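# Descriptive analysis of the structure
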Amino acid sequence: MAAVPAGNVVLVGFMGAGKSVCGRLLARRLGRCFVETDDMIVARDGRPIPEIFRQDGEEGFRRLEAEAVEALRLKSGEVIATGGGLPCREGRMDALRELGTVVWLRGDLAELLARAGRSGARPMLNSRTPAEIEALYRSREPYYARAHLTVDTVGLGIDQVVGRLLATLRDPHAARV
Ligand code: S3P
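Given the structure is predicted, the values throughout are model-derived calculations rather than measurements. (Residues numbered from 1 in each chain as written. Predicted model: local features only at pLDDT ≥ 70, side-chain atom pairs only at ≥ 80, totals over all residues. Heavy atoms only, no water.)

Here the focus is the overall build of the protein. Looking only at helices and strands, the protein has eight helices and five strands in total. For the protein, the α and β elements follow one another from N to C terminus as β-α-β-α-α-β-α-β-α-α-β-α-α. The globule rule puts the C-alpha radius of gyration for 177 residues at 16 Å, and the 15 Å found for the protein is close to it. Counting only C-alpha atoms, the protein reaches 50 × 35 × 25 Å along its principal axes. Expressed as a percentage of its 177 residues, the buried residues of the protein come to 45%. Once local pairs closer than 6 in sequence are excluded, the contacts in the protein between residues at least 24 apart make up 76%. For the protein, the accessible area works out to roughly 8,700 Å², and carbon and sulfur atoms hold 51% of it. Of note, the protein has its 26 positive side-chain charges centred 4 Å away from the centre of its 23 negative side-chain charges. (Helix = DSSP H or I, 4+ residues; strand = E, 2+ residues; numbered from the N terminus. Rg over C-alpha atoms; globule rule 2.2 N^0.38 Å. Buried < 20%, exposed > 50% of the residue type's maximum accessible area, 1.4 Å probe, protein only. Contact = heavy atoms within 4.5 Å. Areas by Shrake-Rupley, 256 points an atom, 1.4 Å probe, with all protein chains shown as cover. Lys, Arg positive; Asp, Glu negative; His and termini not counted. Charge placed at Lys NZ, Arg CZ, Asp CG, Glu CD.)

In C-alpha cells, the structure reads:
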C-alpha cells in the first residue's frame, strides 16, 4: 500500500465538515501531531473566538488567521485543521498548498449546518438567514475546490471519513472523488 505523503496534511472545508474531529483521529492513526488554527489563535490572543468577533469584527479575526498561517510555516509532518473561512481570501489557498497536501472535506450544506449547530459558538452563522448562509457557502466553494484532494463526507460517520481520508492520501488517483 502506498504511504501517506510525508509533509503536512491540511484540512479545509465549511463549518461542520468535521475538520477537527476527523483531523484529530487522522493524526492519531498516522502517529502525527494535530494542530487547529482556531486553537492557535485563541492560545496566542487569549480571547475566545466569539469575543474576538464581537470586539474586533470579522476583519480582526481574519488578521489573526493570517498570522496563524505564517506560524504554520514552521510545521512539518503534522495534521492541520483550518477554520472554515481561513482559506477564503486572496492568496490563502496558495499559502496552504505550500504547507503540504490540502484536503477538502466536502459535505452537503444541510448536513454541515446540522453538525455546526450542534457544537460550539460560531459567529459566522449567528444572525444570518438560511439564504445568506447558503450564499456564504457557495462563495467559499471555489476556494475549497483548489485543494489537492477532495473527500466527500455526505452520509458518512467519523470513522468512515477518516478511512476515506487515509485511502485518498495513500492513493489519490484511485480514491479521488
Ligand atoms: C469560521 C469558522 C470557525 C472559526 C470562526 C470562523 C468561518 O471554524 O474559525 O468561527 O468563517 O467559517 P470551524 O470551521 O472549525 O467551525
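Additional details are given in the paragraphs that follow.
Within soluble globular proteins, side chains that are nonpolar tend to cluster in buried spots. Counting 52 residues, the largest nonpolar core has Val-12, Phe-14, Leu-26, Leu-96, Val-103, Leu-105 and Leu-165 as its most contacted members. When residues in this core are grouped by element, the largest group, eight residues, is from helix α3 (residues 49-72). Here Phe-14 is in contact with Lys-19, Leu-109, Leu-112, Leu-113, Ile-133, Leu-136, Tyr-137, Arg-140 and Tyr-144, once residues within four sequence places are set aside. (Core = buried A, V, L, I, M, F, W, Y, C linked by side-chain atoms within 4.5 Å.)

In this section: the site of the ligand. The environment of the ligand is formed by 14 residues, the closest being Lys-19, Asp-38, Arg-62, Arg-122 and Arg-140. Between Lys-19 and the ligand, the recorded distance is 2.8 Å, taken from a side-chain N or O atom to an oxygen atom. Separating an oxygen atom of the ligand from a side-chain N or O atom of Arg-140 is a distance of 2.7 Å. Contact with the protein chains hides 95% of the accessible area of the ligand, taken as 380 Å² for the molecule alone. A class-by-class count of the residues in the shell around the ligand yields six nonpolar, three polar and five charged. (Near = heavy atom within 4 Å. Polar contact = N/O pair within 3.5 Å; in protein donor to acceptor, adjacent residues only side chain to side chain. Nonpolar A, V, L, I, M, F, W, Y, C, P; charged D, E, K, R; others polar.)

Attention now moves to the pattern of salt bridges. The tally for this structure, following the rule as stated, stands at 16 salt bridges. In this structure, Glu-65 engages Arg-62 in a salt bridge whose closest nitrogen and oxygen atoms are separated by 2.8 Å. Of this pair, Glu-65 and Arg-62 both sit in helix α3, separated by three residues, roughly a single helical turn. Of the two residues, Glu-65 and Arg-62, neither departs from the other in class, the shared state being buried. When the shortest N-O distance is used, the salt bridge between Glu-78 and Lys-75 registers 4.0 Å. Residue Lys-75 is classed as partly exposed on the basis of its relative accessible area, which comes to 28%. Each of the salt bridges in this network shares a partner with another, and the network as a whole consists of Glu-58, Glu-59, Arg-62, Glu-65, Arg-89 and Arg-92. (Salt bridge = Lys/Arg side-chain N within 4 Å of Asp/Glu carboxyl O.)

Positionally, Ala-116 belongs in helix α5 (residues 109-118). The sequence separation of Ala-116 and Met-15 amounts to 101 residues, and the corresponding C-alpha distance is 5.7 Å. Excluding anything up to four places from it in sequence, Ala-116 contacts Met-15, Gly-16, Arg-122 and Leu-125.

Turning our eyes to something else, we now look at the sheet that holds strand β1 (residues 8-12). The strand order β2-β3-β1-β4-β5 describes an open sheet built from five strands, whose pairing is parallel. At either margin of the open sheet sits one strand with a lone partner, and together these are β2 (34-36) and β5 (149-152). This sheet shows a mean twist of 25 degrees between the axes of neighbouring strands, independent of strand direction. Looking at chain direction, β2 and strand β3 (residues 79-81) are connected through three bridges and run parallel. In the strand pairing of β3, Phe-34 is matched with Val-79. Packed onto the sheet, helix α2 (residues 37-45) meets β2 and β3 and runs at close to 70 degrees relative to β2. (Pairing = 2+ DSSP bridges. Axes fitted to C-alpha atoms, helices over the stretch in contact; angles between N-to-C directions.)

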